[in-house]
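Listed below, chain by chain, are the residues.
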Amino acid sequence: YYLGFEHLFVFRLIHLIRAYRLPMYFTLTDHYLNMWKIRISAASNLLIRMFFYYIMVNHWIGCIWFIIHRYAEYDVKYTWATTDCAEGGEPGGSGCLAMWDDALQRHNVCNSTSMLKCYIRSIYFVITTISSVGYGDITPETEIETLWQNVVVLTGACFFAGIIGAFTAYLSHNDTSGTNAFRHKLQKLQDYMKYRNLPPQLQNEILVYHYHKWQRSHLLDERAVIKILPEPLQMDLSFAVLEKVITSFPVLESCGKIIQKRIAHAFKLQVCPPDSNIYNVGDIGWDIYFVWLGLVKITLPTDLSTLDTAGRANAARVRQRAMSTGLFYKRGNHFGESCLKSQSGVRQETTTAMSMVELYLLSKDDLEYIWGYMTKEDRAKLKTNLLTRNGNVWHDFDSDSDNAENNGANDTHETIQGHKNNTRTIINIQAVEADTARKLRARMTINRKSFAKWNNPHRFTVAKLPRPYHRRRRGSVRLRSFSAEASRAALEEQQDISAHTPVRRIGRTAR
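What counts and how
Here, residues in each chain are numbered from 1, in the same order as that chain's written sequence. Note on the predicted model: pLDDT of at least 70 is required for a residue's local features to be given, and 80 or more for side-chain atom pairs to be given and counted; whole-chain, interface and lining totals, by contrast, use all residues. Side-chain numbers come from the whole structure's heavy atoms, not from hydrogens or water. To get an axis, a line is fitted to the C-alpha atoms, and for a helix only the part in contact is used. The angle between two axes follows their N-to-C directions and goes from 0 to 180 degrees. Here a helix means four or more residues in a row that DSSP labels H or I, a strand means two or more in a row labelled E, and each is numbered from the N terminus. Here the angle decides the label: under 35 degrees means roughly parallel, over 145 means roughly antiparallel, 65 to 115 means roughly perpendicular, and every other value means oblique. Residues are sorted three ways: Asp, Glu, Lys and Arg are charged, Ala, Val, Leu, Ile, Met, Phe, Trp, Tyr, Cys and Pro are nonpolar, and all the rest, Gly among them, are polar. Here a pair means two rings of Phe, Tyr or Trp (six-membered ring of Trp) with centres within 6.5 Å. Their orientation is stacked below 30 degrees between planes, edge-to-face above 60, and tilted elsewhere. Type-normalised accessible area, obtained with a 1.4 Å probe on protein chains alone, sets the label of each residue: buried when under 20%, exposed when over 50%, and partly exposed for intermediate values. Our definition puts a charge over a ring when NZ of Lys or CZ of Arg is within 6 Å of the ring centre and also within 35 degrees of the ring normal. Confidence scores per residue from the predictor, reported as pLDDT, run from 0 to 100. We call two residues contacting when some pair of their heavy atoms lies within 4.5 Å. Expected span of a helix, by definition, is 1.5 Å for each gap between consecutive residues, and there is one gap fewer than residues. Starting at the helix axis, one direction is taken to each C-beta atom, and the arc is that of these directions. Working definition of a nonpolar core: buried Ala, Val, Leu, Ile, Met, Phe, Trp, Tyr and Cys residues. They are joined through side-chain atoms within 4.5 Å. By definition, two strands form a pair when at least two bridges between them are found by DSSP.

Description of the packing of helix α2 (residues 42-72) against helix α4 (residues 143-177)
Here comes step 1: One way to put it is that α2 packs onto α4 with a least axis distance of 9 Å and a crossing angle of 170°. In this view, α2 runs roughly antiparallel relative to α4, as classed from their interaxial angle.
Here comes step 2: In terms of residue class, the contact of α2 with α4 is built from 23 nonpolar, five polar and one charged.

Notes on the packing of aromatic side chains
Centre distance and the angle of the planes are the two values used to describe a pair of aromatic rings.
Here comes step 1: Considering all chains together, one arrives at 21 aromatic pairs under this definition.
Here comes step 2: Consider the rings of Y329 and F335, whose centres lie 6.2 Å apart with planes at 35°: the pair is tilted. F335 shares its class with Y329; the two are buried.
Here comes step 3: Taken together, W65, F66, W80 and F125 form an aromatic cluster joined through their ring pairs.
Here comes step 4: Against the face of W292 rests R331, its NZ or CZ located 3.9 Å from the ring centre.
Here comes step 5: The ring of Y279 is capped by R347, whose NZ or CZ atom sits 4.5 Å from the centre of that ring.

Here we look at the confidence of the model for the chain
Here comes step 1: Looking at the chain, pLDDT values average 77 and 75% of them are 70 or higher.
Here comes step 2: Within the model, the stretch residues 503-511 combines pLDDT values under 50 with zero contacts to residues more than four positions away or in other chains.

Some remarks on helix α1 (residues 22-35)
Here comes step 1: Its 14 residues place the ends of α1 20 Å apart at the C-alpha level, agreeing with the 20 Å of an ideal helix rising 1.5 Å per residue.
Here comes step 2: Of all the residues in α1, the buried ones are L22, F26 and L33. Down the axis of α1, the smallest arc covering the buried residues is 45°, so these residues share one side.
Here comes step 3: Looking one or two residues past α1, K37 carries a phi angle of roughly 65°, positive in sign.

Here we look at the nonpolar core
Here comes step 1: Ranked by size, the top nonpolar core spans 33 residues in total, and within it L252, I263, F267, F290, L367, L382 and L386 carry the most contacts.
Here comes step 2: Counting residues per element, the ones that place at least two in this core are α8 (231-247), α9 (250-253), α10 (257-266), β3 (268-272), β5 (287-293), β10 (357-363), α13 (364-371) and α14 (376-388).
Here comes step 3: If near-sequence neighbours (up to four positions away) are discounted, L382 is found in contact with V251, L252, C255, L367, W371 and M374.
Here comes step 4: M50, I61, A81 and A98 belong to the second largest nonpolar core, which has 23 residues in total.

Topic: the sheet that holds β10
Here comes step 1: Strand order in the open sheet made by the four strands is β3-β10-β5-β8, with antiparallel pairing throughout. Taken across any chain shown, the strands that pair with only one partner, and hence form the sheet edges, are β3 and β8 (334-335).
Here comes step 2: In this sheet, β10 lies alongside β5 in antiparallel orientation, the contact comprising six bridges. Looking at the pairing, F290 lines up with Y360 of β10.
Here comes step 3: Contacts from α13 reach β3, β5 and β10 within the one sheet, and its direction differs from that of β10 by about 55°.

Regarding the pairing of β10
Within a regular strand, the side chains alternate between the two sheet faces.
Here comes step 1: With respect to burial, β10 is a largely interior element, seven of its seven residues being buried.
Here comes step 2: Burial along β10 is two-sided: the face carrying V357, L359, L361 and S363 and the face carrying E358, Y360 and L362 are both buried.
Here comes step 3: Bridge analysis of β3 against β10 gives five bridges, and the strand direction is antiparallel. Among the inter-strand pairings, K268 is bridged to a residue of β10, identified as L361.

Remarks on the sheet that holds strand β7 (residues 328-329)
Here comes step 1: The strand order across the open sheet built from four strands is β4-β9-β6-β7, with neighbouring strands paired in antiparallel fashion. Lying at the two open borders of the sheet, with one neighbouring strand each, are β4 (276-279) and β7.
Here comes step 2: As judged from the three bridges shared by β4 and strand β9 (residues 350-353), these two strands associate in the antiparallel manner. Across the sheet, residue Y279 finds its bridge partner in β9, namely T351.

Written out as structure tokens, the structure reads:
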């Protein structure tokens with residue numbers, strides 16, 4: 001026996017060894033799609049792979065059916081092809097897929113003029129077998145065909161298990177991270193607000209915030225996604241997402257790249273529907289608001305009794321600033337920067353969203369933390385820009401500001417008018433801390449390295465600081481964002497605690 005020219009195709013079967021590269025090709029395809037900004041989820045990728053493997057296996061099994069028919073059973077009269085008589089007639093006749101020749105004692109390969117018809121019938125045989133349908137119109141006739149049929153059935157069972165698992169992963173992915181998950185979360189949120197009987201306006205604000213955030217990121221919790229990354233990568237990712245936001249504000253555009261990354265990482269999103277109050281005059285807050293989308297209206301108070309002492313002293317300066325910058329803020333403007341110089345955090349104006357507004361909040365604590373990574377000159381420049389510049393408009397009234405500060409410094413205790421009986425309450429905790437730190441810096445002689453460590457308020461250690469600085473008076477806390485009424489009640493309660501606390505005298509014990 002020798003191989004003729006018609007048998008040379010056998011050597012082409014060596015190319016089937018390349019099949020082990022298929023997973024690598026899928027990985028490279030996914031990589032290139034990501035480079036082209038075409039993202040496919042892992043569940044969808046798994047489902048696509050399973051369907052591709054399923055089609056390829058069907059093709060290979062169909063070809064093996066023809067190999068058995070053509071080469072292993074070329075002299076057998078009754079095979080699966082000679083008995084497949086879709087057009088009618090006796091097995092092996094002209095109406096079958098292959099016809100038997102009594103003179104040659106062998107059958108031909110395909111009785112049709114086109115091999116496509118025979119290929120389609122073999123694929124049909126494979127699909128009906130793998131899917132366990134089995135209409136019975138095509139059946140194995142010999143032992144070798146029966147053995148191969150068993151292999152096909154077992155292969156089909158494994159593939160159907162894999163496809164069902166891929167579908168399960170795909171549907172589970174849609175339920176946990178897709179639109180269905182977002183709707184499920186909103187439904188639970190609406191049920192909770194209905195149970196608590198929240199005001200309609202508050203319900204609307206909460207729903208608008210979630211809808212707007214979902215449209216921007218298609219994530220339920222961005223912080224949870226980036227939390228697994230190290231802090232440098234978190235800052236890079238935050239800056240990549242908010243780079244346009246940072247560069248749209250002139251007061252932040254002049255900062256260094258690393259400072260912009262830290263600011264982007266500290267930003268917090270707030271969405272306000274139209275005609276909603278962002279905060280009212282007299283409220284307490286320590287955040288600076290940067291307007292990214294929409295229009296915000298600033299309303300100055302006509303009754304100064306809602307302000308603290310420093311706010312009443314700076315009322316004229318605030319009105320001059322409003323005349324320079326206007327009462328309507330848009331993209332590139334910021335407001336609420338008065339908290340940087342305030343000791344009480346009392347808001348000096350009322351802010352209202354005139355349209356759908358998207359704001360980014362930067363708290364005073366986060367800003368002070370960022371200042372620790374800046375030089376003294378850059379820190380002073382950024383603070384000056386925040387206080388004297390809004391967008392492309394400068395509103396520098398240093399003389400008025402200095403006079404107001406001097407008037408407020410003459411009184412060592414900051415006072416706030418009471419709600420009913422005008423009780424004057426002492427709030428001097430932060431003033432004492434600042435004065436103590438300033439005296440310590442004047443007394444200590446430190447080098448450049450230790451000065452950088454001292455100048456960063458977040459790197460203080462308890463062991464290196466004097467006791468009066470790092471330990472606050474019991475019952476005194478820094479007021480965060482409260483309404484004016486809640487702030488007065490907290491301060492009155494603090495005054496009552498201080499009045500009933502016995503004074504501890506420290507002196508030399510008499511012997």
